[in-house]
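Commentary on secondary and tertiary structure
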Amino acid sequence: MDIVAICRPKYKDRPQIAKIIQKNRSGYSIHWMTGSYSGPWAVAKKRDGRKKVPWVDNIKESDIIYKKISLTSGQKLTNKVAQTLRALYASRDGTKS
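Residues numbered from 1 in each chain as written. Predicted model: local features only at pLDDT ≥ 70, side-chain atom pairs only at ≥ 80, totals over all residues. Heavy atoms only, no water.

Quick look at the side chain of glutamine 16
Structurally, glutamine 16 can be placed in the loop between strand E1 (3-6) and strand E2 (17-24). When residues no more than four places from it in sequence are discounted, the contact partners of glutamine 16 are Val4, Ala5, Ile6, Arg8, Tyr11, Trp32 and Tyr89. (Helix = DSSP H or I, 4+ residues; strand = E, 2+ residues; numbered from the N terminus. Contact = heavy atoms within 4.5 Å.)

Let's talk about the nonpolar core
Generally speaking, soluble globular proteins have nonpolar side chains that are buried together. Core analysis: the biggest nonpolar cluster contains 14 residues, and Ala5, Ile17, Tyr37, Ile69, Leu77, Leu85 and Tyr89 have the highest contact counts within it. Beyond its immediate stretch of four places on either side in the chain, tyrosine 89 contacts Ala5, Ile6, Cys7, Pro15, Gln16, Tyr37 and Ile65. Residues Ala18, Ile20, Ile30 and Ala44 belong to the second largest nonpolar core, which totals 10 residues. (Core = buried A, V, L, I, M, F, W, Y, C linked by side-chain atoms within 4.5 Å. Buried < 20%, exposed > 50% of the residue type's maximum accessible area, 1.4 Å probe, protein only.)

Remarks on the pattern of salt bridges
Summed over all chains, the structure comprises 3 salt bridges. Of the charged contacts, one joins glutamate 61 and lysine 23 as a salt bridge, the two residues approaching to 3.7 Å between their closest N and O atoms. One end of the pair, glutamate 61, is in the loop between strand E7 (56-59) and strand E8 (64-66); the other, lysine 23, is in strand E2, with 38 residues separating them in the sequence. Lysine 23 sits in the exposed class, given a relative accessible area of 55%. (Salt bridge = Lys/Arg side-chain N within 4 Å of Asp/Glu carboxyl O.)

Some remarks on the side chain of aspartate 63
In this structure, aspartate 63 sits in the loop between E7 and E8. The exposure class assigned to aspartate 63 is buried, which follows from its relative accessible area of 16%. Not counting chain neighbours up to four residues away, the residues in contact with aspartate 63 comprise Ala5, Ile6, Cys7 and Arg8.

Some thoughts on the pairing of strand E6 (residues 51-54)
Looking at chain direction, strand E5 (residues 45-48) and E6 are connected through 4 bridges and run antiparallel. Across the sheet, lysine 46 pairs through a bridge with valine 53, a residue of E6. Once E5 ends, the chain turns through 2 residues before running back antiparallel as E6, passing glycine 49 with a positive phi of about 70 degrees. (Pairing = 2+ DSSP bridges.)

Considerations on the environment of isoleucine 30
Along the chain, the position of isoleucine 30 falls in strand E3 (residues 27-34). Looking at isoleucine 30, the relative accessible area reads 0%, which means it is buried. Taking the C-alpha atoms as reference, isoleucine 30 lies 5.4 Å from aspartate 57; in sequence the two are 27 residues apart. Residues contacting isoleucine 30, with those up to four places away along its chain left out, are Ile6, Ala18, Lys19, Ile20, Ile21, Trp55, Val56, Asp57 and Ile59.

Focus: the packing of aromatic side chains
All chains considered together, the criterion is met by 0 aromatic pairs. The residue whose ring lies beneath lysine 23 is tyrosine 28, and the NZ or CZ to ring-centre distance is 4.7 Å. The lysine or arginine in question, lysine 46, covers the ring of tryptophan 55, its NZ or CZ lying 5.4 Å from the ring centre. (Phe/Tyr/Trp six-rings, centres within 6.5 Å; stacked < 30°, edge-to-face > 60°. Lys NZ or Arg CZ within 6 Å of the ring centre and 35° of its normal.)

Looking at the pairing of E2
Pairing of E1 with E2, which is carried by 3 bridges, proceeds in the antiparallel orientation. Within E2, the position partnered with alanine 5 by the bridge is isoleucine 17. By the bridge criterion, 6 bridges tie E2 to E3 in an arrangement that is antiparallel. What sits directly across from lysine 23, in E3, is tyrosine 28.

Dropping the structure here:
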């Protein structure tokens, strides 16, 4: 499925990216991803007892600020996408404060 950027003001120091699993009535079911503007991205894991499981969450359509992100073969953001995300997060941050 698609990879999207999500606006969560609580975590504005790094991009919030997730892979959409499926669309549901209230929005989307997603797998959170972990990474940075310049580093590789992977599915985020959280502990469930002793094992680690993918971090699944539900979001509203309005939380998505950028759709159809494509990663490079090294699972990194392209320069163009990284610049776009920085600009989007900066503009969001300016309107919220």
